[in-house]
Amino acid sequence: MSSLSFKLGLVLVFFQLGLSAQEPEVEKPAIIPQPAEIEWKDNFFTLQERTVVCFSSGAGASAAWLQRLLSNTYTQSYEMRGENCNGFNLNINPELEETLGKEGYNLEITASTVSLEAATEAGLFYAIQTLRQMFPAEIENEKISEEIKLPQVSITDTPRFEWRGSMLDIARSFFGTDYIKKHLDRMAFYKLNRLHLHLTDDQGWRIEIKQKPKLTELGSKGAVKGGRSGYLTQEEYKEIQEYAAARNIVIVPEIDMPGHIYSALMAYPELNCEDFSNIEPRMATPPELFHEYKVGWSKLCLDKPEIYDFVATVLGEMAEITTGDYLHIGGDEIEDERYKEFVVKADSIVQGLGKTTVGWEEVTQAAVDSSFISQRWNGKTKSVVKTPVIESICSSFYYDHANVPGQEMTNNWCKEDGVSLKDAYTFKVENPNTIGVEAPVWTEMVLSNEAADDRFWPRTIAMAEVGWTKEKKKDYKNFLERLGDQGLRLDLMDVNYFRSPEVDWNSDPKKGIFSEFMPKSKF
Ligand code: ACM
């Protein structure tokens, strides 16, 4: 090297050092789901000791959410109605619906201002969730006293699908209000907007129906062996629903019929045929409870017209207490000559109640109304109708299956090696009638809150990105990096997530508060 180029090199090194001293590299926060358009800038917004949260008409609830976030920092924030203040601006503009839809948002961070705008409160809520991911992870459970610098950025974001769901089976093993609320919090953070509650099955009936009190007096007493029994009162159901709605989540209640119904058959034996011929094979006989795993053996006596009074009463009360647009009637895993007739009648009952019917894919064997939403799970049904479809195909979205091959207490009937994070993330939507995705956790072998966390997370985060992010913006390797960066945040949110081995988790293994309950995997 000549002495001149050596000197030039030194100058360059000093120049670069000088630059980096003035303008430290802006660290890009890990945002999940990946936004549609994101442009990082080279500087910061510094959170001041006092700041104004300025909100336009209709954005009051969003201002409260933002205040709640800021209350875990050193800033003293004040709410103010207005359009353009320094600090934080929350703006609802219905005209934006044309470009951002009902759930999209713009988020702009400059040196002096953080601006969030959307057509609706839902959009602002999601803008706040994105903003939350730019704060240090510690904001999740402690008050931050060190100076907070947010990277300057410009984001325009809209979801790919309108239905981004999670399903919890509270029938096989009961999960009550506290766990469901926690689950809603976590769902909301990843911009999920439907919680499907599987409320009834052979092992237990979990929702109070006032005109059929024995459903809970008797039918709620069972559970799968080792699982919890119990039920939600209508008041609790409404409380959950309100909690969900504040987080832009709609509760989708499922009353599984005409099969998977033994808990009702034992509570009201008149729903059975003579000699219980509708229970085949006879896995239990009323008034016994059923604690095993087998499916597809119980059904309402479809030859009896009176069963439709029962169906109408139960669905009627569910419609009365449900604010969302949907009632899920199940419809899976049953054979009966009158199955199709049942599905069409149940659909018309639901429509008469002013709701949209949802059912598992088998319902499309019947000529149901084109408004009926079918939920694909094993992909085996020969459909005679075109309906909107929720994609829950078991090989990508059944999270009661193992996280890694051989994980204990997991199913493997759909996929021998389990459903990996990659299976979840790389799912490709092919059916043009797809309105979204939803990942169920069935609880025959999920007997505690910690185990439920382990099955849901992080695979539900991968599914959230499938539901939100356009296919061309998805990148599995990049997702794994962002997910790893969120490890500490998940710890601080008290999520007992499965430490997927393909992820380089940025988390203290001791910080996972439930780490002592980590499932034993053979790998
Ligand atoms: C189902 O897994 N039987 C919907």
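Thresholds, definitions, all that
Residues numbered from 1 in each chain as written. Predicted model: local features only at pLDDT ≥ 70, side-chain atom pairs only at ≥ 80, totals over all residues. Heavy atoms only, no water. UniProt positions renumbered as here; feature names shortened; annotations may be inferred. Pairing = 2+ DSSP bridges. Helix = DSSP H or I, 4+ residues; strand = E, 2+ residues; numbered from the N terminus. Axes fitted to C-alpha atoms, helices over the stretch in contact; angles between N-to-C directions. Contact = heavy atoms within 4.5 Å. Core = buried A, V, L, I, M, F, W, Y, C linked by side-chain atoms within 4.5 Å. Buried < 20%, exposed > 50% of the residue type's maximum accessible area, 1.4 Å probe, protein only. Polar contact = N/O pair within 3.5 Å; in protein donor to acceptor, adjacent residues only side chain to side chain. Phe/Tyr/Trp six-rings, centres within 6.5 Å; stacked < 30°, edge-to-face > 60°. Lys NZ or Arg CZ within 6 Å of the ring centre and 35° of its normal.

For the protein, the name recorded in an unreviewed UniProt entry is beta-N-acetylhexosaminidase, with Salegentibacter mishustinae as its organism. Its UniProt record gives the protein a comment under Sequence similarities (unreviewed entry), which states: "Belongs to the glycosyl hydrolase 20 family."

**Q** Would you explain the sheet that holds strand S12 (residues 356-360) in this entry?
**A** Whether parallel or antiparallel, the strands of a sheet pair through hydrogen bonds between backbone atoms. Read around the closed barrel, the 8 strands follow the order S8-S9-S10-S11-S12-S13-S14-S15; overall the barrel is parallel. Neighbour to neighbour, the strand axes of the sheet diverge by 30° on average, direction disregarded. With 2 bridges connecting them, strand S10 (residues 250-257) and strand S11 (residues 326-330) associate as parallel partners. Bridging from a neighbouring strand, Met257 pairs with Gly330 of S11. Against the sheet, helix H5 (residues 177-189) makes contact with strand S8 (163-169), strand S9 (194-198) and S10, and its axis sits at roughly 150° relative to S9, the strand it touches most.

**Q** It is not clear to me how the nonpolar core should be interpreted in this structure. Could you clarify?
**A** Proteins that are soluble and globular tend to have nonpolar side chains buried together. Core analysis: the largest hydrophobic core is formed by 134 residues, its most contacted members being Leu90, Leu131, Trp205, Ile207 and Phe479. If one sorts the elements of this core by residue count, helix H9 (residues 307-321) sits on top with 9 residues. Formed by 7 residues, the second largest nonpolar core is a distinct cluster that contains Trp163, Val252, Val358 and Ile373.

**Q** Where do I start with the UniProt feature "domain: Glycoside hydrolase family 20 catalytic" (unreviewed entry) in the protein in this structure?
**A** Within this numbering scheme, the UniProt entry marks residues 161-340 as carrying the feature "domain: Glycoside hydrolase family 20 catalytic" (unreviewed entry). The span residues 161-340 shows a helical share of 29% and a strand share of 14%, and its end C-alpha atoms are spaced 29 Å apart.

**Q** Help me understand the side chain of Arg482, please; the structure alone is not making it clear to me.
**A** Along the chain, the position of Arg482 falls in helix H15 (residues 476-485). Here Asn478 takes part through its side chain, which lies 2.7 Å from a polar atom of the side chain of Arg482. Discounting residues that sit within four places of it in the chain, Arg482 has contacts with Ala30, Ile31, Ile32, Pro33, Gln34, Tyr425, Glu465 and Asp475.

**Q** How do you make sense of helix H13 (residues 449-456) when you look at a structure like this?
**A** Note: α-helices contain 3.6 residues per turn, so residues at a spacing of three or four share the same orientation. The element H13 is extensively covered by neighbouring structure, given that 7 of its 8 residues are classed as buried. When we look at burial in H13, the residues that qualify are Glu450, Ala451, Ala452, Asp453, Asp454, Arg455 and Phe456. Structurally, H13 contributes buried residues whose contacts are with S8, H5, strand S15 (434-441) and helix H14 (459-468).

**Q** Even after reading the chapter, I still don't get the packing of aromatic side chains, so can you show me in this structure?
**A** Describing an aromatic ring pair means giving the distance of the ring centres and the angle of the ring planes. Within the structure shown, the criterion is met by 22 aromatic pairs. An angle of 10° between the planes, with centres 6.4 Å apart, marks the rings of Trp377 and Tyr398 as stacked. With a gap of 21 residues between them, Trp377 in the loop between strand S13 (373-376) and strand S14 (389-391) and Tyr398 in the loop between helix H11 (394-397) and helix H12 (421-425) connect regions that are remote in the sequence. Among the residues examined, Trp377 registers a relative accessible area of 8% and is labelled buried. Linked through ring pairs, Trp360, Trp377, Tyr398, Trp413 and Trp442 together constitute an aromatic cluster. The side chain of Arg194 reaches across the aromatic face of Trp163, ending 4.9 Å from its centre.

**Q** Would you mind showing me how to read the UniProt feature "active site" (unreviewed entry) in the protein here?
**A** Under the UniProt annotation, "active site" (unreviewed entry) lies at Glu333. Overall, Glu333 belongs to the partly exposed group, its relative accessible area being 28%. Not counting chain neighbours up to four residues away, the residues in contact with Glu333 comprise His260, Val295, Gly296, Glu362 and Trp377. One polar contact links Glu333 to His260, side chain to side chain, over a distance of 2.9 Å.

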